[in-house]
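One-letter residues, chain by chain:
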Amino acid sequence: MADAIRLVLTNMPTVLFVAALAIAWFRRNGTPADRFLSWLLLLSVGAEMIWGGFFHVFLPQVAAAQIGWQVSPFQFEIGVADLSIGVVAVLSFWRSLSFKAAVVLYVVLFNIGVAIGHVRQAVVNADYAPDNFGLLLLLTVIKIPLLAWLLWKAHEEQGTAVKAR
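Our subject in this report is the structure included herewith. None of the values given here were measured: they were computed from a predicted structure.

1. Some remarks on the overall build of the chain
Then step 1. The helix and strand tally for the chain stands at 7 helices and 0 strands.
Then step 2. In the chain, the order of α-helices and β-strands from amino to carboxyl end is α-α-α-α-α-α-α.
Then step 3. Computed over its C-alpha atoms, the radius of gyration of the chain comes to 17 Å, within 12% of the 15 Å expected for a compact globule of 165 residues.
Then step 4. Projected onto the principal axes, the alpha-carbon positions of the chain cover approximately 55 × 35 × 25 Å.
Then step 5. Expressed as a percentage of the 165 residues in the chain, the buried residues total 38%.
Then step 6. Here the analysis covers contacts within the chain between residues at least 6 apart in sequence; of these, 66% occur between residues at least 24 apart.

2. A few points about the nonpolar core
Then step 1. In this structure, L37, W39, L41, V45, V104 and L147 are the most contacted members of the largest nonpolar core, which totals 30 residues.
Then step 2. Sorting the residues of this core by element identifies α2 (12–26), α3 (32–58), α5 (74–92), α6 (97–125) and α7 (135–164) as the ones contributing at least two each.
Then step 3. Element by element, the count of residues in this core is highest for α3, at 10 residues.
Then step 4. Discounting chain neighbours no more than four positions away, the residues touching W39 are A20, I23, A24, R27, S44 and F93.

Thresholds, definitions, all that
Residues numbered from 1 in each chain as written. Predicted model: local features only at pLDDT ≥ 70, side-chain atom pairs only at ≥ 80, totals over all residues. Heavy atoms only, no water. Helix = DSSP H or I, 4+ residues; strand = E, 2+ residues; numbered from the N terminus. Rg over C-alpha atoms; globule rule 2.2 N^0.38 Å. Buried < 20%, exposed > 50% of the residue type's maximum accessible area, 1.4 Å probe, protein only. Contact = heavy atoms within 4.5 Å. Core = buried A, V, L, I, M, F, W, Y, C linked by side-chain atoms within 4.5 Å.

That is the geometry; function is a separate question.
This is the structure we're talking about:
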């Protein structure tokens, strides 16, 4: 049981990403794109960034070790940024598509910077730590076009729904 709990906790971003997709798939309320966008923002962005921000702010040694970094005062700043966007992403679950659009824009731009930074760390400093150049980076890169595309599709669906009235 302890191993199962450790597996889930060390793979929280993957668990949240898969959970968001699964819940959105099985719930049938709302349009498909808005449903997937909402659940990804709630779990795979919101809860994940709160999770990561918590570690950067309150357990910087753990976060730094997972990324292959040295503990740095900048971790507090990135932790606060993660916590902030995490809270806003969670709130977006219950807000308008325009509110979600602002969150998606920030997350996409932020994730582009994160991805560039982590790839650079791998190439320049041979940093292949699990949370620098692993599944977390892959999920970060996947979310960039996925969130943008879902937002675009949700706007299309909303436009269609408004015209149908």
